[in-house]
Amino acid sequence: SQSLTSGVTAKIAYNAETFDTNNTFDSTTNFRFTPSAGYYQVSWGTYCYATGTSITTAWTNLYKNGGAYAQGSEYVGSALNEFGSVGSALVYLNGTDYLEVYANIVGTTPLILTGASSTYFTAALVMR
């Protein structure tokens, strides 16, 4: 799992790959997707957890070149200690553009739980 600081936006460190046919995802240093030019269908999912008390706010966003691009699902409430955020976007990337996913969880000792079924990032080339 990846520990977060409550209320602080942090990049999700996707550090494992199921497959990466063009070696376009950095899973060791920058945790970002930098493919060749084209339109990509991107999806992400994040399983958020807070120990002790409940999550009061949680969200994930897709970032393009360091800035927010698309928002994933968001939770604002007071009765959960776990939450799943998902998102999807069609994105044009020019060959030097990169994508990352960020999360923000407000709760006691927030975590991003790992495992391909819990926290994932996918991208597929739709058109060049």
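Residues numbered from 1 in each chain as written. Predicted model: local features only at pLDDT ≥ 70, side-chain atom pairs only at ≥ 80, totals over all residues. Heavy atoms only, no water.

**Quick look at the environment of Lys11**
Residue placement: Lys11 occurs in strand E2 (residues 10-11). Since its relative accessible area comes to 22%, Lys11 is described here as partly exposed. With 52 residues separating them along the chain, Lys11 and Tyr63 place their C-alpha atoms 9.3 Å apart. Residues contacting Lys11, with those up to four places away along its chain left out, are Gln2, Asn30, Phe31, Arg32, Glu100, Val101 and Tyr102. Engagement of the side chain of Lys11 in a polar contact is seen with the backbone oxygen of Asn30, the distance being 2.7 Å. (Helix = DSSP H or I, 4+ residues; strand = E, 2+ residues; numbered from the N terminus. Buried < 20%, exposed > 50% of the residue type's maximum accessible area, 1.4 Å probe, protein only. Contact = heavy atoms within 4.5 Å. Polar contact = N/O pair within 3.5 Å; in protein donor to acceptor, adjacent residues only side chain to side chain.)

**Structural notes on the nonpolar core**
Core analysis: the largest hydrophobic core is formed by 25 residues, its most contacted members being Val42, Trp44, Ile55, Leu62, Leu99 and Phe121. Of all the secondary structure elements, the ones that give two or more residues to this core are strand E5 (38-50), strand E6 (55-64), strand E7 (67-80), strand E8 (82-93) and strand E9 (99-106). In terms of residue count, the dominant contributor to this core is E5 (five residues). (Core = buried A, V, L, I, M, F, W, Y, C linked by side-chain atoms within 4.5 Å.)

Purely geometric numbers; function is a separate question.
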